[in-house]
Amino acid sequence: MRRLMLLLLGLLLLQQGRCFEFVIDGEWEEEWSEIRDHQERHKRAILTSEEQEDFEAIRGEDITVKSYKVESRITSRFSHTTVRSSVVNSGSNSQSIGFNVQIPKRAFITNFTMNVNGIIFVGSVKEKMVARNLYAQARARGKAAGIVRANSQDMETFKTEVHVPPGSNIEFELHYQEMMTRRLGSYEHSLYLQPGRLVPQFQVDVYIYEPKGISLVETVNTLGEQFAELIQVTQSKDKAHIVFKPNIQQQRKCDNCTGTAIDGVFLIKYDVTRDSNAGELQVSDGHFVHFFAPSKLSPLSKNIVFVIDVSGSMWGVKMKQTVAAMQAILDDLSIDDYFSIIDFNHNVRCWSEELVAGSSIQVSDAKRYIQNIKPNGGTNINEALMRAVQMLVRASNQGLIDPRSVSMIILVSDGDPTVGEIKLSTIQKNVKRVMREEFSLFSLGIGFDVDYDFLERIAMENRGMAQRIYANHDAAEQLRTFYSQVSSPLLRRIAIQFPEDTVSDVTQNSFDKYFSGSELVVAGKVLPSETNTLTSFTTASAARMDITLETEGDFTELDTELAKQQHSFTGFARQMWAYITVKQLISERSLAPTAAKKRKITQRIMALAVEHQFVTPLTALLVESEDASERLLADSPRDPKHGCCSGAGIGGGGGGGGGSLPMNVVYEPPPWVQMTTSAPPGEAREGPKEYVLPQKVTIVDNDPHFIIHLPRTNMDVCFNIDSTPGDILNLVSDSGTGLVVNGRLIGSKQAHKSKLKTYFGSISVYYQPNGVSVTVNTDSVAMTDGRSNHSFTWGATADITQDGVRISIVKNSHVTITINNDTQVMVLLHRVWKKHPINVDFLGVYIPNDNPYSPLVHGLIGQFSREPEVSVYDMHQGVDPLKKEATMMVKGNKLHVTRGWQKDYRRDKRRGSSVYCWFIHNSGKGFIDGHYTNYIVPNLNSFLPTL
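Just so we're clear, the structure is a prediction, and the values are computed from it rather than from any experiment. (Residues numbered from 1 in each chain as written. Predicted model: local features only at pLDDT ≥ 70, side-chain atom pairs only at ≥ 80, totals over all residues. Heavy atoms only, no water.)

A. Representation of the overall build of the chain. Check the secondary structure of the chain and you find 14 helices and 55 strands. Across the 947 residues of the chain, 60% fall into the buried class. In the chain, 69% of the contacts between residues at least 6 apart in sequence involve partners at least 24 apart. Looking at the chain as shown, the accessible area adds up to about 37000 Å², and 49% of this sits on carbon and sulfur atoms. (Helix = DSSP H or I, 4+ residues; strand = E, 2+ residues; numbered from the N terminus. Buried < 20%, exposed > 50% of the residue type's maximum accessible area, 1.4 Å probe, protein only. Contact = heavy atoms within 4.5 Å. Areas by Shrake-Rupley, 256 points an atom, 1.4 Å probe, with all protein chains shown as cover.)

Following this line, the structure appears as structure tokens:
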């Protein structure tokens, strides 16, 4: 299968006695073949030189560009961009006028229209052969070909020309759509602006709407300092409008210049507000999109083998840039990471035959080794990759690799294999055969004299992704940026699942890894339901812990909100689902093991692309006049320099592992989307099972009021602690089992009736044997084990398990900490009106009386696990007729007590349930051992000193 390069072709159209000629430059895709020879490599070299050609949005002499306007509408990370231009042939002769638009490589063109002197040409996407046949039927003479042709590092060029008589008016309009990909903590939206001349009406408008809110918007000024003040950003909680509208004088290179200074990328970076690690589930127009981008998790440790091409072709700037990048990359390694370096030409050498820890000594030695490399010889990719896999396998077999760590091979090469095994398909099979499912391969192709298709396939098939590194002055920065994207893995074995019979046609929902700063995206169709909400369950493996997260999306809420937004893209969910599905199918097609499988996938891609009007490598844009008598054709071939697609790692995950997808999908998933270990589907569909505390428990809530339940006498005894904000009170201290429960006091915003109320603002549960500490605050729940730190918000239901400690969070309600399946502490969240002049958010603590403590247990609550003898007598009417008074004998003390009530807020957080108790005055004096100040400890994990 081969590509056929087409020369510039013309279409001669006769209309009303005038002659219009349309030319769209590029190539057509034909079937691809494994045949690689000198001509293929020569072709790639030719394409490299084409990168350097000048670009202008509007081409032609003696023309007047009346307007050039770009508008992007971004809704929930999905953009619809429209480029419009109005041009007049102001010369005295007929001439060709070009309209060129650079679009992101990941975008799909959806339409192109032209109005030439009132003759309107409208585009529609059709299967490629159908479009070609319709075009062939209409052409009178000559030929025309249309294409999206690769032009630069991140962009592709759509080109068309129209040959028109003098005085002609032409209006061009191009539409394309793209899903924003999150990298290193933000989304980037790029618009290439190079009009080539001064434009009276020049304007760029970008409208962003994110339902959860926008946390960051910034414009990166690459156009020049003179435009810095002309880029205006207006932002509210969930909307942003960026406008760039320079007048003709502001566009000039200098005051008297006739040339424009606008030449570059108009770049916008933004990120969204995230209130939980469970992600954001949006439902709109019968479709759903789940965005998953957790943070505040400790990274997993890494095992990396760097495989670096040092053949003769790497001599000079390529090697210099690679060495510079490796210096920075090696500095990023931590002592918990393991690594080695393999460099290869016709031979294969190892800096270290074994993986070594990323200590400063080892890193320094590796840097010296890299610095002394002198490129020469051929390229033996096969043996180098075999040695890298063997190194990881050996380390795994020897137990040197943490099962929860991430193991990866990073291949850096600039050429095709010339030594050893040179057949690409055989190398691909060899690597696939020896790679274990817990290993990933990332491929970096430097320059254009390298088969990027091969690097992409071999990475996709082994749970990684590929990227082209452009061999120029910033190649080192490109390498470092790529490494930054994969250097901080936070989760493994991620599965995003839904209850049965609620969704269909789900895109990839199992991912092998999640990297910090990226985002996983799952989309699908919503099935009819009696309920008005869709629920998703996400399971994942973090550093030393397993996580289950739950979130919900309302069926109608978002559509109602979108209808109110003037500049929103109301069909975003439907188009995003189709976009992701087509991208993943294109990736799957490149890995299809048989011709039959490939044909089946091809049919699916064409059907979706036609339905959703995407110009893909398998569809074409047929542009025709209203009476369909005049037509031109625009193809989108696969890019010989960039590969057929960028589907690998869609959503920022970088591929999957092994197992089967939990949902029925209309296509079979390729190997790289599988999970290495299937998540428990039953648990995921049902969500985490909450532990229920018994009806009678010991409670600390409100100001803080202690309600001690005495099971033998079925009596509740209450007291308050009147301490000061910042004090940490010990509730349970059990040096025998190693359990500590402490609470830090906070104060109300101001005193009420000359008294400053205090509440618990933080509750800590520390389990010393495993070194695990859980700290519950009013805004988050944090877990640490001394090495890893993880944080979860109250914004989603979650279930986290690590080393015998289980944390079960119920969204905006309560969290239950369970130790070894038998010791429980429940912390209840109390939210108040944010603008309340006095009250603050606070926590309540609920502890079962049957927790299995050791005889050494103590604390304000722990001491009552040994229930004291209590007798109440001389009950009589008190000063308050509603409260009886009595005398209590306890621990040899005679106490004056009052009959009253406190609140249990577990069932009703607003009003609470009344618990009648005997109230002990003076901060529990006589009921608790010693004075309450004896229970103040220095920090949240402190054990109580022996009283």
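B. Broad picture of the nonpolar core. Ranked by size, the top nonpolar core spans 87 residues in total, and within it Phe288 and Leu491 carry the most contacts. Sequence-distant contacts of leucine 491, that is, excluding residues within four places in its chain, are made with Phe292, Pro294, Leu297, Leu300, Asp512, Lys513, Tyr514, Ala540, Ser541, Ala542 and Ile547. By size, the runner-up hydrophobic cluster in this structure holds 54 residues, among which are Val125, Tyr176, Leu191 and Phe266. (Core = buried A, V, L, I, M, F, W, Y, C linked by side-chain atoms within 4.5 Å.)

C. Region of interest: the packing of helix 4 (residues 317-331) against helix 5 (residues 360-371). Put simply, helix 4 and helix 5 touch, their axes get as near as 10 Å, and they point 175° apart. As summarised for this structure, helix 4 and helix 5 are arranged roughly antiparallel, according to the angle between their axes. Contact residues: helix 4 offers Val323, Met326, Gln327, Leu330 and Asp331, while helix 5 offers Val363, Ala366, Lys367, Ile370 and Gln371. For the contact of helix 4 with helix 5, the per-class residue count stands at six nonpolar, two polar and two charged. (Axes fitted to C-alpha atoms, helices over the stretch in contact; angles between N-to-C directions. Parallel < 35°, antiparallel > 145°, perpendicular 65-115°, else oblique. Nonpolar A, V, L, I, M, F, W, Y, C, P; charged D, E, K, R; others polar.)

D. How the structure looks around empty space enclosed by the protein. Enumeration according to the criterion identifies eight cavities of 30 Å³ or more in this entry. Lining the second largest cavity we find 14 residues, and of these Arg274, Ser276, Gly279, Glu280 and Phe291 sit closest to its centre. (1 Å grid on protein atoms, 1.4 Å probe; cavity = no way out; pocket = protein on both sides within 12 Å on 5 of 7 lines; lining within 4 Å. Points joined across faces, edges and corners; volume = space filled by probe spheres on them.)

E. Here's a closer look at the side chain of glutamate 210. Position of glutamate 210 relative to the elements: it lies in the loop between strand 16 (201-209) and strand 17 (214-221). Within the local environment of glutamate 210, its side chain forms a polar contact with the backbone nitrogen of arginine 77, the two atoms lying 2.9 Å apart. (Polar contact = N/O pair within 3.5 Å; in protein donor to acceptor, adjacent residues only side chain to side chain.)

F. Just the state of the cysteines, in detail. Taken as a whole, this structure holds two disulfides when the rule is applied. Disulfide pairing places cysteine 254 opposite cysteine 257 at an S-S distance of 1.8 Å. Because the torsion about its S-S bond is 95°, the bridge between cysteine 254 and cysteine 257 counts as right-handed. Since its relative accessible area comes to 35%, cysteine 254 is described here as partly exposed. One disulfide bridge connects cysteine 718 with cysteine 917, the sulfur atoms lying 1.8 Å from each other. Between cysteine 718 and cysteine 917 the sulfur-sulfur dihedral comes to about -120°; the bridge is accordingly left-handed. Remark: cysteine 917 occurs in strand 55 (residues 913-920) and cysteine 718 occurs in strand 40 (residues 715-720); sequence separation between them is 199 residues. When the bonded cysteines of the chain are counted from the start of the sequence, the pairing works out to 1-2, 3-4. (Disulfide = S-S within 2.5 Å.)

G. Representation of the sheet that holds strand 21 (residues 280-284) in the model. Strand order in the open sheet made by the four strands is 21-22-33-31, with antiparallel pairing throughout. The sheet terminates laterally at strand 21 and strand 31 (503-504), the two strands that pair on one side only. Of the pairings in the sheet, the one linking strand 21 to strand 22 (residues 287-292) comprises five bridges and is antiparallel in character. Bridge pairing links valine 283 to phenylalanine 288 in strand 22. Packing against the sheet, helix 11 (residues 572-590) makes contact with strand 21, strand 22 and strand 33 (520-526), and its axis sits at approximately 70° to strand 22. (Pairing = 2+ DSSP bridges.)

H. Region of the structure containing the sheet that holds strand 14 (residues 182-183). Spatially, the four strands line up as an open sheet ordered 14-15-20-17, and their pairing is antiparallel. The sheet is open, and its two edges are formed by strand 14 and strand 17, each paired on a single side. Pairing geometry for strand 17 and strand 20 (residues 264-272), over seven bridges, is antiparallel. The partner of valine 217 across the bridge, within strand 20, is tyrosine 270.

I. How the structure looks around helix 5. A rise of 1.5 Å per residue sets the reference length of helix 5, with its twelve residues, at 16 Å; its end C-alpha atoms lie 16 Å apart and thus fit the reference within 8%. Among all positions of helix 5, only Val363, Ala366, Lys367 and Ile370 are buried. On an axial view of helix 5, the arc spanned by its buried residues comes to 105°, and they lie on one face. Against the buried residues of helix 5 lie strand 23 (302-309), helix 4 and strand 24 (338-344). (Expected span 1.5 Å × (residues − 1). Arc of directions from axis to C-beta.)

J. Molecular detail of helix 11. Look at helix 11: 27 Å from first C-alpha to last across 19 residues, which is about the 27 Å you get at 1.5 Å a residue. Of all 19 residues making up helix 11, 17 are buried, and the element is well covered by its neighbours.

K. The environment of glutamate 383, seen in detail. Along the chain, glutamate 383 turns up in helix 6 (residues 381-397). Considering only alpha carbons, one finds glutamate 383 and glycine 420, 37 residues apart in sequence, at a separation of 7.5 Å.

L. Focus on the environment of glutamine 201. The residue glutamine 201 is located in strand 16 in this model. Its relative accessible area of 44% is what places glutamine 201 among the partly exposed residues. Setting aside its immediate chain neighbours within four residues, glutamine 201 contacts Lys66, Ser67, Tyr68 and Lys69.

M. Summary view of the pattern of salt bridges. Under the defined criterion, the tally for this structure stands at 35 salt bridges. A salt bridge links lysine 239 to aspartate 238; its shortest N-O distance comes to 3.3 Å. For aspartate 238, a relative accessible area of 14% puts it in the buried group. The residue lysine 367 makes a salt bridge to aspartate 331 at a minimum N-O spacing of 2.6 Å. On the criterion of sequence distance, the pair formed by lysine 367 in helix 5 and aspartate 331 in helix 4 is long-range, its members being 36 residues apart. Taken together, the shared-partner salt bridges connect Arg77, Arg182, Glu210, Asp271, Arg274, Glu280 and Glu519 into one network. (Salt bridge = Lys/Arg side-chain N within 4 Å of Asp/Glu carboxyl O.)

N. Geometry of the packing of aromatic side chains. Scanning the entire structure with this criterion turns up 25 aromatic pairs. Following the ring pairs from residue to residue traces out a cluster consisting of Tyr68, Phe202, Phe227, Phe244 and Phe266. Directly above the aromatic system of phenylalanine 291 lies the positively charged group of arginine 77, at a separation of 3.8 Å from the ring centroid. (Phe/Tyr/Trp six-rings, centres within 6.5 Å; stacked < 30°, edge-to-face > 60°. Lys NZ or Arg CZ within 6 Å of the ring centre and 35° of its normal.)

O. Seen up close, the environment of aspartate 331. For the pair formed by aspartate 331 and serine 364, sequence separation is 33 residues and the distance between their alpha carbons is 8.7 Å. Beyond its immediate sequence surroundings of up to four residues, aspartate 331 is in contact with Val363 and Lys367.

P. Seen up close, the pairing of strand 19 (residues 239-244). Pairing between strand 16 and strand 19: six bridges, direction antiparallel. Residue isoleucine 208 lies in a different strand from strand 19, and its bridge partner there is alanine 240. The pairing of strand 18 (residues 231-235) with strand 19 spans five bridges and is antiparallel. Bridge assignment links threonine 234 to a residue of strand 19, and that residue is histidine 241. Following strand 18, the chain reverses through three residues before pairing antiparallel with strand 19.

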